[in-house]
Structure formats: structure tokens, C-alpha cells
Amino acid sequence: MATMEECRSALEKLAENLAGADGDLRSAAALDRSVSCRVTDLDVTFLGRLTGGRIEDVTAVPGLPSERAEIRLTMSGDDLVALVGGELHFARAWGSGRVKLEAGFRDLLRLRKLL
């Protein structure tokens with residue numbers, strides 16, 4: 001089971017990857033939305049803001065947050081680490097139910113380029 005520190009590091013790496021993206025990936029990440037990543041096995045939710053192609057102001061709260069983010073991911077800590085590390089393909093993980101993504105329809109269309 002991935003630790004809290006490993007999950008936080010994976011999210012920091014994801015933020016770095018988004019910040020360094022260019023072209024279509026950069027424009028796909030150029031949303032201004034609240035984001036959350038719920039790590040089910042740790043019962044923690046990481047909250048942040050996707051803005052200007054970056055994920056900023058990441059904080060962790062125990063359990064479910066009081067307000068729903070506009071873009072919400074849910075998965076285990078191991079899946080988060082594997083996904084960011086390139087060992088787990090998002091589409092397969094999403095199709096099998098290992099990863100859940102909730103967002104508005106327009107956001108989903110833009111995010112598909114990233115995922």
C-alpha cells in the first residue's frame with residue numbers, strides 16, 4: 001500500500017508534468033478548475049487548483065472534503081503512484097473501475113487529451 005508521502009510525491013510529479021507540457025497537452029491543461037484526488041485506501045483527499053496548466057495549492061484532508069471539486073479523481077494509493085509513474089494506463093484503469101473520474105462534459109472532452 002502506497003504511503004501518504006508517496007501519494008503526495010506522485011501528485012507533485014503530475015503537477016510538474018502538466019507544467020512542462022506543450023502544444024495540445026498544454027491547452028488541455030489550461031483550465032481553471034478545482035480538483036480533488038481521493039485516495040481510498042488512505043481515506044484522504046488531496047485538493048488543489050488546476051490553473052494555467054499547473055496544479056497549485058495542494059492540501060490533504062482526511063475523508064471526504066466538505067465541498068465537491070469540479071474535477072474529481074478516485075483511486076487507491078498504489079494506482080495513483082502507478083498511473084503517474086507510467087506503469088498503469090489510464091484508459092484501462094478507468095474502464096475497469098480502478099480509477100474514477102468525474103467532471104463536467106466539456107472538461108471531460110478537454111481532459112481526454114491529458115489522459
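Just so it is clear, the structure is predicted and the values come from calculations on it, not from any experiment.

Criteria and thresholds
Residues numbered from 1 in each chain as written. Predicted model: local features only at pLDDT ≥ 70, side-chain atom pairs only at ≥ 80, totals over all residues. Heavy atoms only, no water. Pairing = 2+ DSSP bridges. Helix = DSSP H or I, 4+ residues; strand = E, 2+ residues; numbered from the N terminus. Axes fitted to C-alpha atoms, helices over the stretch in contact; angles between N-to-C directions. Contact = heavy atoms within 4.5 Å. Salt bridge = Lys/Arg side-chain N within 4 Å of Asp/Glu carboxyl O. Buried < 20%, exposed > 50% of the residue type's maximum accessible area, 1.4 Å probe, protein only. Parallel < 35°, antiparallel > 145°, perpendicular 65-115°, else oblique. Left-handed = near helix turned anticlockwise from the far one by under 90°. Nonpolar A, V, L, I, M, F, W, Y, C, P; charged D, E, K, R; others polar. Expected span 1.5 Å × (residues − 1). Arc of directions from axis to C-beta.

### Let's talk about the sheet that holds strand β4 (residues 71–75)
Then step 1. Within the open sheet, the five strands sit side by side as β3-β2-β1-β4-β5. Their pairing is mixed. Only two strands of the sheet have a single partner each, and these edge strands are β3 (54–62) and β5 (100–102). Averaged over neighbouring strand pairs, the angle between their axes works out to 15° when direction is ignored.
Then step 2. When strand β2 (residues 44–51) meets β3, the two strands line up antiparallel, connected through seven bridges. Among the inter-strand pairings, L47 is bridged to a residue of β3, identified as T59.
Then step 3. Contacting β1 (33–39), β2 and β3, helix α1 (residues 4–19) crosses the sheet at an angle of about 160° to β3.

### Regarding the pattern of salt bridges
Then step 1. Considering all chains together, one arrives at six salt bridges under this definition.
Then step 2. R49 serves as the salt-bridge partner of D32, at 3.0 Å between the closest nitrogen and oxygen. Separated by 17 residues along the polypeptide, D32 in the loop between α2 (23–28) and β1 and R49 in strand β2 bring together distant segments of the chain.
Then step 3. Overall, the relative accessible area of 31% leaves R49 in the partly exposed class.
Then step 4. The salt bridge involving R98 is made with D79; its shortest N-O contact spans 2.5 Å. Of this pair, R98 sits in the loop between α4 (90–96) and β5 while D79 sits in helix α3 (residues 77–84); the two residues are 19 residues apart in sequence, bridging distant segments of the chain.

### Concerning the packing of α1 against α3
For any two helices packed against each other, one specifies the crossing angle of their axes together with the interaxial distance.
Then step 1. At their nearest, the axes of α1 and α3 sit 9 Å apart, and the two run at 30° to each other. Our classification of the angle between α1 and α3 gives roughly parallel. Of the two elements, α1 crosses α3, and the hand of that crossing is left-handed. Contacts from E6, C7, A10, L11, K13 and L14 in α1 reach G77, L80, V81 and V84 in α3.
Then step 2. For the contact of α1 with α3, the per-class residue count stands at seven nonpolar, one polar and two charged.

### A word on α1
The α-helix winds at 3.6 residues per turn, so residues separated by three or four positions along the chain end up facing the same way.
Then step 1. Taking 1.5 Å as the rise per residue, α1 with 16 residues should run 22 Å; its terminal C-alpha atoms sit 23 Å apart, in good agreement.
Then step 2. Those residues of α1 lying buried are C7, A10, L11, A15 and L18. The buried residues of α1 occupy an angular sector of 140° when projected down its axis, which confines them to one face. Away from its buried face, by an angle of more than 90 degrees, α1 presents the exposed residues E5 and E16.

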